[in-house]
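Report on the structure
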Amino acid sequence: LQPERSSSAELGIDWRLGAAQDLGLSLYQTRISDLIAFEGMDFQAVNINRAVIDGIELDYHFAHGALSIDGNATWQNATDADSGERLLRRPDRKINLSLGYRFGNQATVGCEASAYSSRPDFGGASLAGYARVDLLPTDDGALRLLELEVTEPSMFLRWDDAAPGRFAAAIA
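To keep things clear, this report deals only with the structure shown in the data block. Quantities reported herein were computed from a predicted structural model and do not represent experimental measurements. (Residues numbered from 1 in each chain as written. Predicted model: local features only at pLDDT ≥ 70, side-chain atom pairs only at ≥ 80, totals over all residues. Heavy atoms only, no water.)

1. Looking at the pattern of salt bridges
- What the rule picks out here adds up to six salt bridges.
- Asp-82 serves as the salt-bridge partner of Arg-50, at 2.9 Å between the closest nitrogen and oxygen. Here Arg-50 is found in strand β3 (residues 44-64), whereas its partner Asp-82 is found in the loop between β4 (67-80) and β5 (93-102), with 32 residues between them in sequence.
- The exposure class of Asp-82 is partly exposed, given its relative accessible area of 44%.
- A salt bridge links Asp-92 to Arg-86, with the nearest nitrogen and oxygen atoms 3.4 Å apart. (Salt bridge = Lys/Arg side-chain N within 4 Å of Asp/Glu carboxyl O. Helix = DSSP H or I, 4+ residues; strand = E, 2+ residues; numbered from the N terminus. Buried < 20%, exposed > 50% of the residue type's maximum accessible area, 1.4 Å probe, protein only.)

Below you can see the structure in the form of structure tokens.
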């Protein structure tokens, strides 16, 4: 296994939309030699000779008084430069949204949500897209909900023919 080497270039522009809002747009490209990836049922670490990741990211920030809203969306193309195939487990599209509120006593509460498009997996399979919601703790440490998976991305049940039956028995 060889260490990864990469070079990246990014071009970005930021706009101030008013006293409380910012918008940013970035274009990027990354070239990677000896990308460390994992393959097969035992997730063997391997090198991909040459990988290319090109993308666009849009960022938004709003803050007014105690309220803050942050979000970003990414569109990317991650490929093996030698074969032209998509890199495994890397979504073409992803989006994140974060809401926060700071109370007068400086305690904060917030919520984060993320969504990811489907992506290729081992053996020609495709992992479904999924979304996730995390509630953030308040400053006093209280947690209400740490994570809510809207669609479980993968439980690896397809790697063993008997796994779905064992899983069903375990939750029944």
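This is not the end of the story, as more comes after the structure.
2. A look at the side chain of Gln-76
- Among the secondary structure elements, Gln-76 is positioned in strand β4.
- Judged by its relative accessible area of 15%, Gln-76 is buried.
- Of the polar contacts made by the side chain of Gln-76, one reaches the backbone oxygen of Pro-91; its length is 3.1 Å.
- Contacts of Gln-76, omitting those with residues within four sequence positions, involve Tyr-28, Ile-53, Asp-54, Gly-55, Arg-90, Pro-91, Asp-92 and Lys-94. (Polar contact = N/O pair within 3.5 Å; in protein donor to acceptor, adjacent residues only side chain to side chain. Contact = heavy atoms within 4.5 Å.)

3. A few points about the environment of Arg-93
- Looking at where Arg-93 falls in the secondary structure, it is placed in strand β5.
- Excluding residues that lie within four positions of it along the chain, Arg-93 makes contacts with Thr-74, Trp-75, Ala-115, Tyr-116 and Ser-117.

4. Description of the pairing of β5
- Two strands pair when backbone bridges link them, and β4 and β5 are joined in this way by nine bridges, in the antiparallel orientation. Of the residues in β5, the one forming a bridge with Asp-70 is Ser-98. (Pairing = 2+ DSSP bridges.)

5. What about the environment of Asp-80?
- Mapping Asp-80 onto the fold places it in strand β4.
- What makes Asp-80 buried here is its relative accessible area of 17%.
- Between the C-alpha atoms of Asp-80 and Ile-53, which are 27 residues apart in sequence, the distance is 8.9 Å.
- Look past the residues within four positions of Asp-80 in its chain and what remains in contact with it is Ile-48, Arg-50, Glu-85 and Leu-87.

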